[in-house]
Every structure is written in C-alpha cells, then in structure tokens.
Amino acid sequence: MPPVIRATDLVKDYGDLRAVDSVSLDVEEGALFGLLGPNGSGKTTMIKMLTGQVKPTAGSAAVLGIDAVADPVLVRRMIGIIPEQETPPSFLSAMEYLAFVGAVRNIPDCEGKADWWFDFLDFADKKDVLCKDLSRGTRQKLMFAQAFIHEPALALIDEPLINFDPVMQDLVKEYMAEYVQKGRTIFLSTHILEVAEEICSDIAILHKGKLLHFGPVAELIEQGEDLPSFFLSLVRKGDHA
Ligand SMILES: Nc1ncnc2c1ncn2[C@@H]1O[C@H](COP(=O)(O)OP(=O)(O)OP(=O)(O)O)[C@@H](O)[C@H]1O
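Residues numbered from 1 in each chain as written. Predicted model: local features only at pLDDT ≥ 70, side-chain atom pairs only at ≥ 80, totals over all residues.

## A closer look at the environment of K127
Working step 1: The residue K127 is located in the loop between α4 (110-120) and α5 (136-148) in this model.
Working step 2: Under the C-beta neighbour-count criterion, K127 is labelled partly exposed, with 17 such atoms within 10 Å.
Working step 3: Spatially, the C-alpha atoms of K127 and L98 are 9.5 Å apart, while their sequence positions differ by 29 residues. (Helix = DSSP H or I, 4+ residues; strand = E, 2+ residues; numbered from the N terminus. Buried ≥ 20, exposed ≤ 12 C-beta atoms within 10 Å, placed from the backbone.)

Spelled out as structure tokens, the structure:
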C-alpha cells in the first residue's frame, strides 16, 4: 500500500530564508501523525506545501497518490484542512458557513451532518450567530467541523487544539483517535508535546527547516524516552549544531 503522504526532498525558500530544507517523509494510512517543532521551524510551510497552498522551491509531494505540486486543486478537494490561524468568513453564520462548505464539497445531507457537529462540539446555540461574533474557541470548533464534515481520507490540521479548553481538547483528541482507527489518516502540527505523546502514532521533529527526527512514538517510549524531554534535548542540540 503506497503511503498516504510521500514528501521527497521538499524545499521552500522565502527569499534568502530556507524555511524547509530538503525534508523527506512518508505517512502511512491510519497514522495520527504529529509534526512538531519550535516557532518558525517550518511546520506551517510544510502543511502548506502538502495542501497545495504554497509551491515548493524544490522536491515533490504526493498526497493520496496525487501530485500536490501539479494538481493542488484535486488534493484540496480530497482532503480536510484547518489552516493555521484561519477563521471562518465574518459575514456568514456558523450554519451558513457549514452549508457553504457542503455546497463546495458536494456533501449529501450537509445540514444533518452540520447539526451532528453542533451537538457534538456543544455549540448548537451558536449556529445562527455570525462568525465575527463567535468566540475564538467557537470559531475553532467550526473550523474543526468543516475539516471533518465530509469524513476525508486525510485531514491536515495546523494547531487544532490551541484555542480549546481542556474539556473540548479531550473530546477532540478522542474524536481524532477514533477517526484514525477507522483507517483514515490525520496529519497535525502542534506545540503541545504532551498531546502529541498521548495521541500520535508517529512524529516528525523539524528545527530550522530540517528534519531532526522521524518515527513511531512507541519506539521512543520503548527506549525509555518521554517526548517532551526528547524534543527539548534534540532542539537544544540543534541550536548548538
Ligand atoms: N510568506 C512568507 N514570507 C516570508 N517568510 C515566511 C513566510 N511564511 C513563513 N515564513 C518564514 O518561514 C519560517 C517558517 O515559518 P512557518 O510558519 O512555516 O513555521 P512554524 O513552524 O509553523 O512556526 P510557528 O510554530 O511559530 O507557527 C519562519 O522564519 C517564517 O518567518
């Protein structure tokens, strides 16, 4: 079975800055893959290249078997995405936004599915509120719902938990764990190392655009490592390299 994501020697330069430096990695079907790294290490740029939002300077990316550089529109049609810091359109209500996503993605019974998400993430009382008047956490609930409402084979989500309270974080973590058990795949970036250790099957650690580590979380734990300490020592070593 080919990997769900295959990145090969991906490079992204912004002017003189090399934001991603020859990164290669495979993500297998059913993985809950965590992309970790300090601020500015290139996580968002990686996600943007894999979702066809940014064209790599060099290298290639196959996502669900599709060439993400040559056919970014098809990739975006097939996947779910939560871009970094993205908020839904201010002028639509929460329900209108999910209906809009449903129309673009051709989702059957989108209204019924939207209602399920309003109940599941406990914001049914906000469905007719304009997005501009929603709290940050509620906007994040909506972004989470739009990424998963069509049950994509692959969701790429940038910092999905950051605005959620602990109860909501727990609910969403459980949802993601069950989601991948059904054979679907999630690729997420996060700063919350404890979350990555708890739910991710595999991780990659980026630092200054370079891939410092890539592999299953279980392997680290078998070696007696805990992810937060492992991450910190790797990044500190990278700082002095
Ligand atoms: N459009 C852009 N133009 C110029 N530089 C950019 C652009 N986007 C990102 N960068 C730079 O590329 C580097 C990697 O940024 P990126 O957002 O990918 O990192 P990140 O790991 O997601 O960071 P954070 O954890 O802080 O969100 C940073 O130095 C950033 O300033």
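## Regarding the pairing of strand β10 (residues 210-216)
Working step 1: Relative to β10, strand β9 (residues 202-207) is paired through six bridges, and the arrangement is antiparallel. From the neighbouring strand, I205 faces β10, where its bridge partner is H213.
Working step 2: The turn linking β9 back onto β10 is made up of two residues, and K208 within it adopts a positive phi angle of 50°. (Pairing = 2+ DSSP bridges.)

## Describing the site of the ligand
Working step 1: Taken together, Y14, L17, A19, G37, N39, G40, S41, G42, K43, T44 and T45 are the residues near the ligand.
Working step 2: Looking at the shell around the ligand, the elements with two or more residues in it are β2 (17-27) and α1 (43-50).
Working step 3: Looking at the shell around the ligand element by element, the count peaks at three residues for α1.
Working step 4: The class makeup of the residues in the shell around the ligand is three nonpolar, seven polar and one charged. (Near = placed C-beta within 6 Å. Nonpolar A, V, L, I, M, F, W, Y, C, P; charged D, E, K, R; others polar.)

## Structural notes on the nonpolar core
Working step 1: Counting residues in hydrophobic clusters, the biggest one holds 65 residues, and the most contacted among them are L50, V63, L156 and F187.
Working step 2: If you tally residues by element for this core, the top one is α5, at six residues.
Working step 3: Lining this core are residues from two domains, each supplying at least three of them: domain 1 (1-79 + 154-241) and domain 2 (86-151).
Working step 4: Not counting residues up to four positions away in its chain, the partners in contact with L156 are I47, L50, T51, I79, I81 and F187. (Core = buried A, V, L, I, M, F, W, Y, C linked by C-beta atoms within 7 Å. Domains from an automatic or database assignment. Contact = placed C-beta atoms within 7 Å.)

## Topic: the domain arrangement of the chain
Working step 1: Taken as a whole, the chain is organised into domain 1 (1-79 + 154-241) and domain 2 (86-151).
Working step 2: A C-alpha centroid distance of 25 Å is found between domain 1 and domain 2.
Working step 3: In this assembly, eight residues from domain 1 lie in contact with six residues from domain 2.
Working step 4: Going through the elements one at a time, β7 (154-158) and α6 (166-181) are the ones with two or more residues in the side of domain 1 that touches domain 2.
Working step 5: Classifying every residue of the side of domain 1 that touches domain 2 gives six nonpolar, one polar and one charged.

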